[in-house]
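Okay, here's what each chain looks like letter by letter:
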Amino acid sequence: MTAKEYLKQVRHLDIMIHCRLREIDYWQDLLSSVSGVNYDGIPHSPNRPTEAHFVKCLEKIDKIQHDVEKKVEQLIALRDEINSKISLLSDHDEQLVLRYRYIDNCTWEEVAGFINVSLRTVHRIHGIVLQHFPVPD
C-alpha cells in the first residue's frame, strides 16, 4: 500500500459512513410512510408475509446502525493512528499539508490558504512528504 492509499482510507471510511447514514434516512422515511391495514375482504395468498412491513424497516435500520458504529470505531482508530504518524514528521509544513488534506478533508486550495503558500508549493510539499511517510505493513 502506498502512503497516499493509506492516507486516503480516512476519507473513504468517512464517505462510507455518510452513505450508510443516508440509507438509514431512506429506511426511516419508508417506515414513516407505511400504509395502514386494508380490510377490503379480498382473499389473499396464504404465502404472503404475515409480518408487518415496519418490522422489516426497523430490522434494516438496526443492522445499518450497527455497521455505522463499527465503521465509526474504525475511523477513530485510523485517524488516531495516522495523526500519530503525521506527528513523527519533522517538517511542520508537511504535517499541516497531510492533516488538512487527509484528516480534515480540505481541498488543495484550502490547504494552500491555511498555510499561506501557493497551490504549487502545496503540491510540491505533498509529493515530498509522500516519499518518506511511514506506511504500516
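If you're wondering where the values come from, they're calculated on a predicted model, not measured in any experiment. (Residues numbered from 1 in each chain as written. Predicted model: local features only at pLDDT ≥ 70, side-chain atom pairs only at ≥ 80, totals over all residues. Heavy atoms only, no water.)

## Overview of the overall build of the protein
- Check the secondary structure of the protein and you find 5 helices and 0 strands.
- Here the protein holds 137 residues, and the buried ones make up 27% of them.
- Put simply, 69% of the contacts in the protein that link residues at least 6 apart link residues at least 24 apart. (Helix = DSSP H or I, 4+ residues; strand = E, 2+ residues; numbered from the N terminus. Buried < 20%, exposed > 50% of the residue type's maximum accessible area, 1.4 Å probe, protein only. Contact = heavy atoms within 4.5 Å.)

## A closer look at the packing of helix α3 (residues 92-103) against helix α5 (residues 119-132)
- The N-to-C vectors of α3 and α5 enclose an angle of 95°; their axes lie 9 Å apart at closest approach. Judged by the angle between their axes, α3 and α5 are roughly perpendicular. Seen from α3, the contacting residues are Asp93, Glu94, Val97, Leu98 and Tyr102; seen from α5, they are Val122, Ile125, His126, Ile128, Val129 and His132.
- By residue class, the composition of the contact of α3 with α5 is 7 nonpolar, 2 polar and 2 charged. (Axes fitted to C-alpha atoms, helices over the stretch in contact; angles between N-to-C directions. Parallel < 35°, antiparallel > 145°, perpendicular 65-115°, else oblique. Nonpolar A, V, L, I, M, F, W, Y, C, P; charged D, E, K, R; others polar.)

## Here we look at unusual backbone geometry
- Residue Asn105 is not a glycine yet carries a positive backbone phi of 55°.
- Looking at the secondary structure, you find Asn105 in the loop between α3 and α4 (108-115).
- Phi angles above zero are rare outside glycine, and Asn116 is one such case at about 60°.
- Structurally, Asn116 is set in the loop between α4 and α5.

## Concerning the side chain of Lys85
- As for its position among the elements, Lys85 is in helix α2 (residues 53-87).
- Buried charge without a partner: Lys85 forms no salt bridge, and the closest opposite charge is Glu81, 5.3 Å away.
- Among all residues touching Lys85, those that are not within four sequence positions of it are Tyr6, Phe133, Pro134 and Pro136. (Lys, Arg positive; Asp, Glu negative; His and termini not counted. Salt bridge = Lys/Arg side-chain N within 4 Å of Asp/Glu carboxyl O.)

## Notes on the nonpolar core
- Within the largest apolar cluster, 22 residues are counted, with the highest numbers of intra-cluster contacts made by Leu7, Ile82, Ile86, Leu98 and Phe133.
- Going through the elements one at a time, α1 (3-32), α2 and α3 are the ones with two or more residues in this core.
- Apart from residues lying up to four places away in sequence, Ile86 is in contact with Gln95, Leu98, Arg99, Ile103 and Phe133.
- Grouped together as the second largest cluster of nonpolar side chains are 8 residues, Cys106, Trp108, Ala112 and Ile125 included. (Core = buried A, V, L, I, M, F, W, Y, C linked by side-chain atoms within 4.5 Å.)

## Some points on the pattern of salt bridges
- For the structure on display, the rule yields 3 salt bridges.
- Here Arg20 and Glu23 are joined by a salt bridge, their closest N and O atoms 3.0 Å apart. Highlighted residues: Arg20 and Glu23, both in helix α1, separated by 3 residues, approximately one helical turn.
- For Glu23, a relative accessible area of 30% translates into the label partly exposed.
- Residues Lys71 and Asp67 are paired through a salt bridge, measuring 3.5 Å at the closest nitrogen-oxygen approach. Of the two residues, Lys71 and Asp67 are both situated in helix α2; the distance of 4 residues between them amounts to about one turn of the helix.
- Judged by relative accessible area, Lys71 falls into the buried class, the value being 17%.

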